[in-house]
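# Examining the three-dimensional arrangement
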Amino acid sequence: MQDSSRIPVEDLDEAEARAELHRLAREIKFHDQRYHGEDAPVIDDAAYDAMRGRNGAIEGRFPNLVRDDSPSKRVGAAPAGKFRKVAHARPMLSLDNAFTDGDVADFIGRVRRFLKLKEDASVALTAEPKIDGLSASLRYERGRLVVGATRGDGRVGEDITANLRTVSDIPERLHGKGWPQVLEVRGEVFMAKSDFALLNEVQEAAGKAPFANPRNAAAGSVRQLDPSITAARPLRFFAYSWGEISEMPFETQQEAMESFSGWGFAVNPQTRLCLALDDALAHYRTIEAERAEMDYDIDGVVYKVNRLDWQERLGMVLRTPRWATAYKFPAEKATTVLLDIEIQVGRTGSLTPVARLEPVNVGGVLVSNATLHNADEIARKDVRIGDIVTIQRAGDVIPQILAVDLRKRPKGTRAYVFPGKCPACGAHVERDRYKTEVGGETRVTTDIVYRCTGGLTCPAQRVGRLRHFVSRDAFDIEGLGRKQVEEFFEAGLIHSPADIFTLQARVEAGEINIVEREGWGETSVANLFDAINARRAIAMDRFLFALGVRHIGQAGARLLALNYVSLQAFLDAMVEAREEKSDARLELIGFEGMGKKVAGTLVDFFREEHNRDVVAALQAQVTVADFEQPESDSPLTGKRIVFTGSMEKMSRGEAKARAEALGARVSGSVSARTDILVAGPGAGSKLKKATELGIQVLDEEGWLALIGAD
Ligand code: IVH
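Residues numbered from 1 in each chain as written. Predicted model: local features only at pLDDT ≥ 70, side-chain atom pairs only at ≥ 80, totals over all residues. Heavy atoms only, no water.

Now for the sheet that holds strand S26 (residues 665-667). Read from one edge of the open sheet, four strands run S26-S25-S27-S28, paired in parallel fashion. Strands at the two margins of the open sheet, each flanked by one partner only, are S26 and strand S28 (696-698). Sheet twist, expressed as the mean angle between neighbouring strand axes with direction ignored, is 30°. Examined bridge by bridge, strand S25 (residues 640-644) and strand S27 (residues 676-679) share four bridges and lie parallel to one another. Of the residues in S27, the one forming a bridge with Val642 is Leu677. (Pairing = 2+ DSSP bridges. Helix = DSSP H or I, 4+ residues; strand = E, 2+ residues; numbered from the N terminus. Axes fitted to C-alpha atoms, helices over the stretch in contact; angles between N-to-C directions.)

The structure is reproduced here in structure tokens:
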């Protein structure tokens with residue numbers, strides 16, 4: 001047989017393709033190890049990219065041959081001209097927000113309840129400015145910087161090591177002693193306001209467009225393909241957290257920061273330890289008062305529980321730790337003219353009025369659109385086209401219209417008439433009505449949002465669903481963003497999600513053409529196909545989230561993946577749950593955080609044939625991985641557990657979090673499928689039902705013994 005590695009992809013037969021995929025999997029793995037593990041690559045990026053490209057192309061031609069250990073299922077190199085991907089050893093988290101003093105008090109209250117501390121127990125917090133830059137993770141092995149990465153989606157970021165090495169606040173080797181063998185330092189890369197002003201002067205003198213704000217300048221500088229450009233940009237870095245760490249040399253957040261400082265990092269000098277709520281709020285006021293004088297942009301104060309053993313127990317929800325929160329400064333405001341109102345039709349058919357504004361600078365960002373929320377809001381605020389309006393922008397939230405300046409209302413303003421038909425498809429619009437039982441009485445409430453009744457015949461809804469499908473927390477296909485999806489939809493290249501995965505085959509069969517489209521070329525199309533093929537294997541929670549079922553966000557999708565484990569089990573349950581009184585429906589409603597309404601929407605979604613068709617067509621193209629149980633050998637893996645009654649030693653919240661971390665599924669109601677009921681004093685009907693069904697019942701001691709915490 002001819003050496004298959006030289007045969008062009010189009011000419012490979014099945015046996016040769018299989019052999020090639022085997023060889024490529026082995027070789028790419030070897031080079032990944034050289035690059036990531038040892039920081040000593042033996043081939044250049046172009047050769048590496050070519051191997052990955054070939055692997056993707058063969059898989060595109062022979063989807064049935066995709067190996068379980070295929071490099072396309074792992075992160076690694078990105079297409080040429082982009083950054084290589086790096087998986088974070090521990091996810092990079094984001095923060096929950098607090099907007100009022102009361103929210104901060106609530107945060108401390110939640111921490112106390114979760115840890116079952118006394119109501120007046122002191123919870124020491126560190127407080128430091130929240131810097132408006134971009135986060136980065138720096139991996140040190142034996143004291144040497146080996147990888148520096150962006151946050152990306154929190155799990156996988158981009159390898160920008162060469163650029164970060166040019167930042168003078170980032171040590172190449174750790175100073176001092178006592179550092180762990182493996183240490184990932186996390187913090188914020190940012191540009192000082194003064195440096196930003198200078199940089200913009202230089203940009204303008206060179207005839208280049210100035211940056212809008214220091215954050216954009218920092219982000220643009222860090223993502224340069226040529227590190228010498230980054231080196232010429234005045235970037236700075238503050239360390240504030242960590243990822244993987246081989247030994248844990250500290251017991252508190254404060255000690256960690258002191259150690260980081262000793263190892264050569266800049267730590268924010270405004271960091272304080274606050275022993276009580278009053279101290280925490282006082283420090284917020286101090287920082288807020290100094291904000292304008294500070295040489296970098298900040299948008300709030302971050303509080304972190306100081307004790308690391310508490311941080312560990314508190315854990316996280318989705319991607320935000322329970323042990324930290326960001327108290328944001330009040331939103332920035334500005335006044336401008338409302339030029340027009342347009343309607344945006346969302347993927348679920350919701351009609352959202354959007355204000356087109358005379359562009360205005362709000363806290364460093366040029367704003368030309370703001371949401372008006374819904375028809376009632378327009379009426380309530382008496383917003384008319386031509387009005388002078390106050391808008392506000394808080395962080396990365398969509399700007400909103402706060403109020404109309406009625407005293408300055410110009411002549412000739414026009415009242416806005418909310419459309420009775422969908423502007424995208426012409427179908428009539430209506431408001432949902434919900435029945436609710438209040439004290440035995442049925443009430444009907446009307447939803448505030450108008451919706452297009454066109455369903456999937458409405459192009460705006462279809463394109464909205466596609467845009468959601470490729471979005472970052474869903475399929476996240478590189479090079480296929482919202483813009484490209486719209487382009488392909490309008491050109492008739494994709495109608496439904498599965499069409500994305502048949503693009504390459506259709507191009508190769510000569511049915512469609514992308515290369516000749518404006519803005520596309522050989523390389524970008526090849527890169528696109530690689531990126532698409534890299535998503536032929538997908539996690540179950542991402543898959544469910546991508547479907548865009550109303551009310552099913554990331555948390556809901558995760559809850560479903562956790563409880564059903566496999567896509568097939570989930571789909572089977574959705575069929576069974578069509579019957580309102582079925583066990584499957586009751587079980588679904590019982591999952592913590594689900595409830596009747598959401599369960600109803602979910603079941604209805606899968607009752608629709610066209611939705612089931614979308615899923616089936618996708619299943620022919622992608623492999624949905626079973627949900628990975630966090631700890632596979634615990635006595636709780638896969639068990640369904642219900643907590644009832646009170647507990648002495650552990651809060652319900654912590655018990656639930658522990659159970660989930662050990663691979664159990666926590667439910668709010670007892671059914672024949674329940675495995676364990678943990679019943680404390682005061683348990684009532686659930687205990688009775690469990691006893692009747694012969695389900696294992698544990699008291700708190702039994703529970704603690706089971707999880708090894710007694
Ligand atoms: S702590 C586990 N501390 O805010 C918590 N984040 O909204 C990890 N940020 O992605 C973050 N200043 O980019 C932390 N002093 C600070 C921060 C800070 C800015 C950013 C960071 C993070 C985002 C979360």
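And the narrative resumes.
Another aspect to go through is the pairing of strand S13 (residues 324-328). Counting buried positions over the five residues of S13 gives five, a clear majority of the element. Both faces of S13 are covered, namely the face carrying Ala324, Ala326 and Lys328 and the face carrying Thr325 and Tyr327. Pairing of strand S2 (residues 97-98) with S13 involves two bridges; the strand directions are parallel. Looking at the pairing, Ala98 lines up with Tyr327 of S13. Pairing between strand S10 (residues 298-305) and S13: five bridges, direction antiparallel. Of the residues in S13, the one forming a bridge with Tyr303 is Thr325. (Buried < 20%, exposed > 50% of the residue type's maximum accessible area, 1.4 Å probe, protein only.)

Attention shifts here to helix H6 (residues 214-222). The complete set of buried residues in H6 reads Pro214, Ala217, Ala218, Ser221 and Val222. For H6, the buried positions fall inside an angular range of 125° around the axis, keeping them on one side. Lining the buried residues of H6 we find strand S4 (134-141), helix H4 (161-164), strand S7 (182-191), helix H5 (193-205), helix H7 (227-231) and strand S8 (235-245). (Arc of directions from axis to C-beta. Contact = heavy atoms within 4.5 Å.)

This paragraph deals with the side chain of Arg542. Of note, Arg542 is situated in helix H16 (residues 540-546). In this structure Arg542 touches Asp153, Arg472, Asp473, Ala474 and Asp476, once residues within four positions along its chain are discounted.

Put simply, helix H19 (residues 583-590) and helix H20 (residues 596-607) touch, their axes get as near as 8 Å, and they point 130° apart. Classified by the interaxial angle, the pair formed by H19 and H20 is oblique. Our pair here, H19 against H20, has a crossing hand that is right-handed. Here H19 contributes Arg585, Leu588 and Ile589 to the contact with H20, which in turn contributes Lys596, Ala599, Gly600, Leu602, Val603 and Arg607. A class-by-class count of the residues in the contact of H19 with H20 yields five nonpolar, one polar and three charged. (Parallel < 35°, antiparallel > 145°, perpendicular 65-115°, else oblique. Left-handed = near helix turned anticlockwise from the far one by under 90°. Nonpolar A, V, L, I, M, F, W, Y, C, P; charged D, E, K, R; others polar.)

Right, let's talk about the nonpolar core for a bit. By size, the foremost hydrophobic cluster in this structure holds 62 residues, and its most contacted members are Phe543, Phe570 and Leu588. Setting aside residues up to four positions removed in sequence, Phe543 forms contacts with Phe475, Ile538, Leu567, Val615, Leu618, Val622 and Val624. Counting 32 residues, the second largest nonpolar core, distinct from the first, contains Leu134, Leu145, Leu164 and Val222. (Core = buried A, V, L, I, M, F, W, Y, C linked by side-chain atoms within 4.5 Å.)

Taking a probe equal in size to a water molecule and rolling it over the atoms shows the remaining empty space. Of the volumes computed, that of the second largest pocket is approximately 1300 Å³. Along the wall of the second largest pocket there are 35 residues; nearest its centre are Arg550, Gly600, Thr601, Asp604 and Phe605. For the lining of the second largest pocket, the elements supplying multiple residues, two or more each, are strand S21 (429-438), strand S22 (441-452), helix H12 (459-470), H19, H20 and helix H21 (609-619). Looking at the lining of the second largest pocket element by element, the count peaks at seven residues for H20. Grouping the constituent residues of the lining of the second largest pocket by class yields seven nonpolar, twelve polar and 16 charged. (1 Å grid on protein atoms, 1.4 Å probe; cavity = no way out; pocket = protein on both sides within 12 Å on 5 of 7 lines; lining within 4 Å. Points joined across faces, edges and corners; volume = space filled by probe spheres on them.)

Here Arg142, not a glycine, exhibits a phi torsion of approximately 45°, which is positive. In this structure, Arg142 sits in the loop between S4 and strand S5 (144-150). Here the phi dihedral of Asp476 falls at roughly 50°; this positive angle occurs in a residue that is not glycine.

Every one of the 15 residues lining the ligand counts as a neighbour, but Lys130, Ile131, Glu188, Tyr240 and Lys304 are closest to it. The side chain of Tyr240 places a nitrogen or oxygen atom 3.3 Å from an oxygen atom of the ligand. Protein contact buries 90% of the 530 Å² of open area that the ligand shows by itself. Of all the secondary-structure elements, those providing two or more residues to the shell around the ligand are strand S3 (125-131) and S10. For the shell around the ligand, the element with the highest residue contribution is S3, accounting for four residues. Looking at the shell around the ligand residue by residue, the classes come out as eight nonpolar, two polar and five charged. (Near = heavy atom within 4 Å. Polar contact = N/O pair within 3.5 Å; in protein donor to acceptor, adjacent residues only side chain to side chain. Areas by Shrake-Rupley, 256 points an atom, 1.4 Å probe, with all protein chains shown as cover.)

Attention now moves to the environment of Asp103. With respect to the helices and strands, the residue Asp103 is situated in helix H3 (residues 101-115). Residue classification places Asp103 among the partly exposed residues on the basis of a relative accessible area of 27%. Sequence-wise, Asp103 and Thr325 are 222 residues apart; in three dimensions their C-alpha atoms are separated by 9.5 Å. At 2.8 Å, the side chain of Asp103 and the backbone nitrogen of Phe99 are in polar contact.

Considering all chains together, one arrives at three cavities of 30 Å³ or more under this definition. In this structure, the largest cavity occupies an estimated 70 Å³ of space. Looking at the largest cavity, the residues that line it are Asn563, Glu587, Phe591, Arg640, Val642, Arg665, Val666, Ser667, Ser669, Ser671, Arg673 and Thr674. Secondary-structure elements contributing two or more residues to the lining of the largest cavity are S25 and S26. Considering every element that reaches the lining of the largest cavity, the biggest residue donor is S26, with three residues.

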